[in-house]
Amino acid sequence: MNSSLLEQFQGLHLHGAKGLAVLLDPDKLDESSLVSQLAVYKAAGVDFFFVGGSLLTNDHIHHLVPLLKAQTDIPVILFPGSIYQIVPQADGIFFLSLISGRNPDLLIGNHVVAAPILAKSELEVMATGYILVESGRTTTVHYMSNTLPIPHDKPDVAACTALAGEYLGLKLLYMDGGSGAMRPISAEMVRTVREKVSLPLIVGGGIRSGEDAERLWQAGADVLVVGNALEKDTEGKLIFELAEHKHRFFQWNG
């Protein structure tokens, strides 16, 4: 019996293994270039595809997800910026509650609207606490969410926020610097959060080298997410560099 997506994240955390995810922005992809990229991602051993964004200006996501499912067996998880990004053909969806902010629509409001749609789908719904962290610039998610990110140098605030999310019953934590982040979340912040919570921890934003990735994995991240940095990486050098650093860790075949 295959493990659920949530069990895969939990298994990585439980066994001390590390995961690598690629965040795909449907607005920035075309079918011809994506097919060649998928071969690179598969060869590098990417574990997950996350699909979505804070602002999408077209309906490409509804074509992208079926293409991913047809071309690869890598799990496809929706990372939605709105209810319009629900695509039934995906494997699962992060049911994101932006717990670092105080926007009621992103804490619970949009979820009420999305819930009956998700109930009619076969998507695996994963309750996920989303924590936005300041990354050196105003990112799209910062602007669109109308919330303040946690300051880059306030690890204790991030840790208390994460712990509150765990106490609320959320199943995953996703710490993010946002698309186009100038710098990754600090290893100190990741380590402080890791010491406070037992949930699987996903970290993204501003990761541009194997050294960046290794620092965050060593600090306690279970899965790292890279997106923007791959858009200029046409030869796949970065994804293979990240994969090489990942393979220095214990690999769990769950």
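Refer to the structure presented above.
From a predicted model like this one, the values you see are computed outputs, not experimental measurements.

(A) Fine view of the nonpolar core. Grouped together as the largest cluster of nonpolar side chains are 61 residues, with contacts concentrated most on Leu24, Tyr41, Phe49, Leu68, Met175, Val203 and Ile239. Among the elements that take part in this core, helix H3 (residues 61–71) stands out by supplying five residues, more than any other. By size, the runner-up hydrophobic cluster in this structure holds 22 residues, among which are Leu5, Leu6, Leu12 and Val223.

(B) Layout of the pairing of strand E8 (residues 223–226). Every second residue of E8 is oriented toward a common face, with Val223 and Val225 on one face and Leu224 and Val226 on the other, all of them buried. Crossover handedness for the path strand E7 (residues 201–204) to helix H8 (residues 210–219) to E8: right-handed.

(C) Quick look at helix H1 (residues 5–15). Those residues of H1 lying buried are Leu5, Leu6, Phe9, Gly11 and Leu12. Just downstream of H1, Gly16 is the residue with a positive phi angle, here 70 degrees.

(D) Representation of the packing of aromatic side chains. Counted according to the given criterion, the structure contains ten aromatic pairs. Judged by centre distance (4.8 Å) and plane angle (90 degrees), the ring pair of Phe50 and Phe94 falls under edge-to-face. Of this pair, Phe50 sits in strand E2 (residues 48–51) while Phe94 sits in strand E4 (residues 92–98), and the two are 44 residues apart along the sequence. Phe50 gets classed as buried once you look at its relative accessible area, which sits at 0%. On the basis of relative accessibility, which here comes to 1%, the residue Phe94 falls in the buried class. For the pair Phe79 and Tyr130, a centre-to-centre distance of 5.8 Å together with 65 degrees between the ring planes defines the contact as edge-to-face.

(E) Examining a nonpolar patch on the surface more closely. A cluster of nonpolar side chains, contributed by Leu55, Tyr143 and Met144, occupies part of the molecular surface with about 350 Å² of accessible area. Structurally, the position occupied by Met144 is in helix H5 (residues 140–145). Residue Met144 is classed as partly exposed on the basis of its relative accessible area of 41%.

(F) Structural view of the environment of Leu34. Along the polypeptide, Leu34 turns up in helix H2 (residues 31–44). A relative accessible area of 1% means that Leu34 is categorised as buried. Sequence spacing of Leu34 and Met182 is 148 residues, and the spatial spacing of their C-alpha atoms is 25 Å. Not counting chain neighbours up to four residues away, the residues in contact with Leu34 comprise Leu29, Leu64, Leu67 and Leu68.

(G) Region of the structure containing the pairing of E2. In E2, alternate side chains face the same way, and those of Phe48 and Phe50 on one face and Phe49 and Val51 on the other are all buried. Where strand E1 (residues 19–24) lies against E2, four bridges are found, and the strand directions are parallel. Paired with Leu23 across the strands is Phe50, a residue of E2. Note that the unit made of E1, H2 and E2 has a crossover that is right-handed.

Criteria and cut-off values
For every chain, the first residue of its written sequence is number 1, and the numbers climb from 1 along that sequence. For this predicted model, a pLDDT threshold of at least 70 governs which residues receive local features, and a threshold of 80 or more governs which side-chain atom pairs are given and counted, while totals over whole chains, interfaces and linings are taken from all residues. Note: side-chain values were computed over all heavy atoms of the structure, leaving out hydrogens and water. Side-chain atoms within 4.5 Å are what join buried Ala, Val, Leu, Ile, Met, Phe, Trp, Tyr and Cys residues into a set we call a nonpolar core. For every residue, the accessible area (1.4 Å probe, protein chains only) is compared with the maximum for its type, and the residue is labelled buried under 20%, exposed over 50%, or partly exposed between those bounds. Numbered from the N terminus, helices here are DSSP runs of H or I no shorter than four residues, and strands are runs of E no shorter than two. Handedness rule for crossovers: strands pointing away from the viewer, path from the first strand over the helix to the second running clockwise, crossover right-handed. Stacked, tilted and edge-to-face are the three classes assigned to paired rings of Phe, Tyr and Trp, where Trp is represented by its six-membered ring and a pair needs centres within 6.5 Å; plane angles under 30 degrees give stacked, over 60 edge-to-face, the rest tilted. Like-charged residues within 9 Å of one another, or nonpolar side chains (Val, Leu, Ile, Met, Phe, Trp, Tyr) within 5 Å, are grouped into patches, provided each residue has over 30% relative accessible area and no salt bridge. All accessibility values rest on the Shrake-Rupley procedure with a 1.4 Å probe; residue burial counts only the protein chains present in the view. Take a side-chain nitrogen of Lys or Arg and a carboxyl oxygen of Asp or Glu: if they are within 4 Å of each other, that pair is a salt bridge. Contacts: residue pairs with any heavy atoms within 4.5 Å of one another. Pairing between two strands requires that DSSP report at least two bridges joining them.

So yeah, pure geometry; function would need other evidence.
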